[in-house]
Amino acid sequence: MGSAPSSSLRILPLGIGDAFSSVDYHTALLVMSGKTTCLVDCPDPIQRILRERTSCLGKILGPGDIDHILLTHLHGDHSNGLEAFLFQRHFVLQAPPVSIHSIPEVGERLWEEKLAVSMEKTEMSEVGLEEVFSRETFYSLRIVPQERSFLIGDLCFEIRRTIHSVPTFGFRVGVDGVQGGRPLFGYSCDTIYDPGHIEFLSPADLIFHECSESSIH
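Quick caveat, the model's predicted, so the values are computed rather than measured.

A.B. asks: What is the right way to look at the environment of Val132 in this model?
C.D. replies: When you line up the elements, Val132 lands in strand β8 (residues 129-132). Given a relative accessible area of 64%, Val132 falls into the exposed group. Val132 sits 11 residues away from Lys121 along the chain, and the two C-alpha atoms are 4.6 Å apart. Once residues lying within four places of it in the same chain are set aside, the contact partners of Val132 are Glu120 and Lys121.

Dropping the structure here:
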């Protein structure tokens, strides 16, 4: 777990593997402050990942403890855990809908083109159970601005689109008190080599740089 100096910001990497890894969990992070816990991407098996990786915090976190998800893109190694996360939060924990934050091309396609296939209907006529659900049943969508910083709780984010095979973004983040000032943590996300992205991330005290043998990471 990394911690930026002189800050309440905490970063917990949950996985470092790409889509083809047979050794590591897929890349995901928890970004935490004194008031806010934000999950960055949601790979599968998210419940096991959270149970194993958050044990170092002194309290194991699960879907009921996380009210915000920052979703960088729709590749399965970054989003396939959402179904289980949302089902558990709604049906098992009966918690309020989580807030999912993303860019339009990701957020506005997430329900209709990915989650609705398995989450929109429950059809078990044999036992008299037929229900139809909407996106709002499970989460609220927050489209993030791309030209200025924005807050998730007391976490202050700035994003930058990356050069990837689908719409994707990286980010810089600090706590509310440093809004407009020096970021504390930077995350590259999936991208090919991009000097502009390096420049965007360079003011951060700590950078999580995702890379692999693939030319698109």
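A.B. asks: When you look at the packing of aromatic side chains in this model, what are you seeing that I'm missing?
C.D. replies: Geometrically, a pair of aromatic rings is defined through the distance of the ring centres and the angle of the planes. Considering all chains together, one arrives at 12 aromatic pairs under this definition. With 5.7 Å between their ring centres and 40° between their planes, Phe87 and Phe91 make a pair best called tilted. Here the residue Phe87 and the residue Phe91 both occupy positions in helix α3 (residues 82-92), the gap between them amounting to four residues, near one helical turn. For Phe91, a relative accessible area of 39% gives the class partly exposed. Between Phe157 and Phe171, the ring centres sit 5.3 Å apart and the planes meet at 65°, which makes this aromatic pair edge-to-face. On the criterion of sequence distance, the pair formed by Phe157 in strand β11 (residues 155-161) and Phe171 in strand β12 (residues 169-175) is long-range, its members being 14 residues apart.

A.B. asks: It is not clear to me how a nonpolar patch on the surface should be interpreted in this structure. Could you clarify?
C.D. replies: Side chains of Phe91, Val92 and Leu93 sit close together on the surface and give an oily, nonpolar patch of about 280 Å² of accessible area. Tracing the backbone through its elements, the reader meets Leu93 in the loop between α3 and β6 (98-102). With a relative accessible area of 39%, Leu93 lands in the partly exposed category.

A.B. asks: Quick question: what am I supposed to make of the environment of Ile66 here?
C.D. replies: Here Ile66 shows up in the loop between α1 (46-53) and β5 (68-70). Exposure remark for Ile66: the relative accessible area of 0% places this residue in the buried category. Residues in contact with Ile66, not counting those within four places in the same chain, are Leu30, Thr37, Leu39, Leu50, Phe85, Arg89 and Val98.

A.B. asks: Can you help me understand the nonpolar core in this one?
C.D. replies: Grouped together as the largest cluster of nonpolar side chains are 53 residues, with contacts concentrated most on Tyr139 and Phe171. Looking at this core, the element that brings in the most residues is helix α4 (residues 104-119), giving six residues. Excluding anything up to four places from it in sequence, Tyr139 contacts Leu86, Pro97, Val98, Ile100, Leu110, Trp111 and Leu115.

A.B. asks: What is the right way to look at the pattern of salt bridges in this model?
C.D. replies: Scanning the model with the defined rule gives nine salt bridges in all. Asp67 is the partner of Arg89 in a salt bridge, and the nearest nitrogen-oxygen pair spans 2.8 Å. Of this pair, Arg89 sits in helix α3 while Asp67 sits in the loop between α1 and β5; the two residues are 22 residues apart in sequence, bridging distant segments of the chain. Classification of Asp67 as partly exposed rests on a relative accessible area of 40%. For Arg135, the salt bridge identified is with Glu136, shortest N-O distance 3.4 Å. Given a relative accessible area of 26%, Arg135 falls into the partly exposed group. Put simply, Arg48, Glu52 and Arg53 are held in one network by salt bridges that share partners.

What counts, and where the lines are drawn
Residues numbered from 1 in each chain as written. Predicted model: local features only at pLDDT ≥ 70, side-chain atom pairs only at ≥ 80, totals over all residues. Heavy atoms only, no water. Helix = DSSP H or I, 4+ residues; strand = E, 2+ residues; numbered from the N terminus. Buried < 20%, exposed > 50% of the residue type's maximum accessible area, 1.4 Å probe, protein only. Contact = heavy atoms within 4.5 Å. Phe/Tyr/Trp six-rings, centres within 6.5 Å; stacked < 30°, edge-to-face > 60°. Patch = residues over 30% accessible without salt bridge, like charges linked within 9 Å, V, L, I, M, F, W, Y side chains within 5 Å. Areas by Shrake-Rupley, 256 points an atom, 1.4 Å probe, with all protein chains shown as cover. Salt bridge = Lys/Arg side-chain N within 4 Å of Asp/Glu carboxyl O. Core = buried A, V, L, I, M, F, W, Y, C linked by side-chain atoms within 4.5 Å.

Any link to function would need more than the numbers given here.
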